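Structure assessment
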Amino acid sequence: MAIKFGDVFNTSDLNINNPKLEEMLNKTKNAAEVFGKKSAERIEISKKKIELFDIKSKLNKLYEDFGRYQYNAFVNGSADESEVSARIDEITDLEKKCEELNIDIEYAKEEFYESVMNMAQKTKEAFQNEFSSASQENVDVSELFDSEDEADTEE
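Figured I'd write up the structure that's included with this text. Predicted model, so just to flag it, every value in this text is computed and none were measured.

1. What to know about the overall build of the protein chain
Counting secondary structure elements, the protein chain contains three helices and zero strands. Counting from the amino terminus, helix and strand elements in the protein chain follow one another as α-α-α. Considering only intrachain contacts with a sequence separation of at least 6, the fraction spanning at least 24 residues in the protein chain is 68%. Of the roughly 12,300 Å² of accessible surface on the protein chain, 55% is carried by carbon and sulfur atoms.

Right under this line is the structure:
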């Protein structure tokens, strides 16, 4: 779907029928869409980091409560084994969640950076191709002018 310059700026007065300009606008639009998707991916990574921070805060509080409980049990000389076991299970579950989130975050970051590098490489190649084709067009045009000049001098 080609977007016309006039459609972008919502003007019917302006009529530019330049295919290169249209192509540039389409490339810019596509790049903006890709950057929008990459931003969304980065936001997801940030959400996971916030979730990890939240779990670590809960884990620290559980460690503190567990230590307080153990201290009181030691001072009073009695500890409820089921209570200790329940607290240990809760701590173990949160530690597992932390590990899983760390793995998810690292994987998402690697995937994100790899896709950004691929996008950068594709952009670089596109600009190199554009530059070489533009250079070739300039050569072709200059050869055309040279041949016209030679024809004029022969007459």
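2. A few points about the layout of surface pockets
Volume-wise, the largest pocket comes out at about 430 Å³. Around the largest pocket, the lining is made up of 16 residues, and of these Lys27, Ala31, Thr123, Ala126 and Phe127 lie nearest the centre. Counting only elements with at least two residues in the lining of the largest pocket, the list comes to α2 (19-76) and α3 (81-154). In terms of residue class, the lining of the largest pocket is built from eight nonpolar, three polar and five charged.

3. Here's the deal with the nonpolar core
Judged by nonpolar contacts, the single largest core of 15 residues is most densely connected at Ile45, Leu52, Ile55, Leu59, Ile91, Leu94 and Cys98. A per-element tally of this core places α3 first, with eight residues. Other than its neighbours up to four places away in sequence, Leu59 contacts Ile91, Leu94, Glu95 and Cys98.

4. Here we look at the packing of aromatic side chains
Going through the model one piece at a time under the given rule, you end up with one aromatic pair. Arranged with centres 5.5 Å apart and planes meeting at 65°, the rings of Phe112 and Tyr113 form a pair that is edge-to-face. For Phe112, a relative accessible area of 10% corresponds to the buried category. With relative accessibility at 42%, the residue Tyr113 sits in the partly exposed group.

Reading the values: the criteria
- Along each chain, residues carry numbers from 1 onward, in the same order as the chain's sequence is written.
- Restriction of local features to residues with pLDDT of at least 70 applies here, the model being predicted, together with a cutoff of 80 or more for giving and counting side-chain atom pairs; totals for whole chains, interfaces and linings are based on all residues.
- Excluded from the side-chain calculation are hydrogens and water; included are all heavy atoms of the structure.
- Numbering of helices and strands runs from the N terminus; a helix is a DSSP stretch of H or I covering at least four residues, while a strand is a stretch of E covering at least two.
- Any two residues having at least one pair of non-hydrogen atoms within 4.5 Å are treated as being in contact.
- The accessible surface values rely on the Shrake-Rupley method and a 1.4 Å probe; as for residues, cover is taken only from the protein chains in view.
- A cavity here means a set of 1 Å grid points, computed over protein atoms only, where a 1.4 Å probe fits but cannot escape. A pocket is an open set with protein on both sides within 12 Å along at least 5 of 7 lines, and lining residues have an atom within 4 Å of a point.
- Grid points are joined across faces, edges and corners, and a volume is the space filled by probe spheres set on the points.
- Gly is put with the polar residues, along with every residue not named as nonpolar or charged; the nonpolar set is Ala, Val, Leu, Ile, Met, Phe, Trp, Tyr, Cys and Pro, and the charged set is Asp, Glu, Lys and Arg.
- What is meant by a nonpolar core is a set of buried Ala, Val, Leu, Ile, Met, Phe, Trp, Tyr and Cys residues, joined one to another through side-chain atoms within 4.5 Å.
- When accessible area is computed with a 1.4 Å probe and restricted to protein chains, residues below 20% of their type maximum are described as buried, those above 50% as exposed, and intermediate ones as partly exposed.
- Two aromatic rings, drawn from Phe, Tyr or Trp (for Trp, its six-membered ring), form a pair once their centres lie within 6.5 Å of each other, and the interplanar angle then sorts them: stacked below 30 degrees, edge-to-face above 60, tilted otherwise.

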